[in-house]
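Overview (structure and organization)
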Amino acid sequence: MAIKEFNTQGICLPQWHYMVDTSEKLVKISELIDNGKYFTINRPRQYGKTTTLYLLKKKLKDKYLVINLTFEDLDVSIYETYPSFIKVFLIMLLEQLENQELPTEALQLLRESSAEAKDMFSLSRVLSKLNRLVAPQKMVLMIDEVDKSSNNQLFLDFLGMLRTKYLKK
C-alpha cells in the first residue's frame, strides 16, 4: 500500500490521499440526479469539487451516460465568438463519447455539427438530436472549472441555453 499524502490540487484519490469521507454527499447528489434535478456545486478553491465530480462519474456510469467536461484548459480566445466556443464544446463532447457504446449516428452528428453549429440555437438543436440518438439512456452533463468563464456573456448564454433545455424537459 502506498503512503498517503495531502493533495492540494486536482483529484484526490482515497487510496493515495488523505481526504474527508464524501460517500454521504455522493448519495445525496445521486438522488438529486435520479430525481432529474438541475444544480450547481459552487465552492471556493480546494473544497473538493473536482474530486466530487470524479467520484460521482464513477458512481453514475452504470446508470447514465455521464459526460464530464472541464473548461480548465480553455483559453480566453475560445470565448471570443459563438462558433469558436461551440466548435470546441462539441469536440470536447465527441472526445468524451468516442469511447462509449453509442450509435454511429450520434458520433457523426457531433463531428459534422462541430463545423456547422454557429449559435446557441443550433447548439441546442444538436444537443436535442444527440439526446434522441442515445435514448433511452439518460445523460448527465457535468462541467468542471467554469470559474474563468462565469463573467463572459457567451458563457452565460450557454448556461441559459442549458437551463432552458432543462426546463423544457
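Before going into details, it helps to say that this report is about the structure given with it. (Residues numbered from 1 in each chain as written. Predicted model: local features only at pLDDT ≥ 70, side-chain atom pairs only at ≥ 80, totals over all residues. Heavy atoms only, no water.)

Attention shifts here to the packing of helix α3 (residues 82–97) against helix α5 (residues 120–134). Contact geometry for α3 and α5: axes closest at 10 Å, N-to-C directions at 15 degrees. One way to sum up the angle between α3 and α5 is to call them roughly parallel. Crossing of α3 over α5 shows right-handed handedness. Along its contact with α3, which presents Y82, F85, I86, F89, L90, L93 and L97, the element α5 presents M120, L123, V126, L127 and L130. (Axes fitted to C-alpha atoms, helices over the stretch in contact; angles between N-to-C directions. Helix = DSSP H or I, 4+ residues; strand = E, 2+ residues; numbered from the N terminus. Parallel < 35°, antiparallel > 145°, perpendicular 65-115°, else oblique. Left-handed = near helix turned anticlockwise from the far one by under 90°. Contact = heavy atoms within 4.5 Å.)

Here the focus is a negative patch on the surface. Together, E72, D73, D75 and E80 make up a region of like negative charge exposed at the surface. Within the secondary structure layout, E80 lies in the loop between β1 (65–70) and α3. (Patch = residues over 30% accessible without salt bridge, like charges linked within 9 Å, V, L, I, M, F, W, Y side chains within 5 Å. Areas by Shrake-Rupley, 256 points an atom, 1.4 Å probe, with all protein chains shown as cover. Salt bridge = Lys/Arg side-chain N within 4 Å of Asp/Glu carboxyl O. Lys, Arg positive; Asp, Glu negative; His and termini not counted. Charge placed at Lys NZ, Arg CZ, Asp CG, Glu CD.)

The next subject is the packing of aromatic side chains. This structure, assessed with the given rule, holds 10 aromatic pairs. Taking the centre distance of 5.8 Å and the plane angle of 75 degrees together, the rings of F71 and F155 count as edge-to-face. Of this pair, F71 sits in the loop between β1 and α3 while F155 sits in helix α6 (residues 153–168), placing them 84 residues apart in sequence. We note that F71, like F155, is buried. Ring centres 6.3 Å apart and planes at 10 degrees place the aromatic pair F85 and F89 in the stacked group. (Phe/Tyr/Trp six-rings, centres within 6.5 Å; stacked < 30°, edge-to-face > 60°. Buried < 20%, exposed > 50% of the residue type's maximum accessible area, 1.4 Å probe, protein only.)

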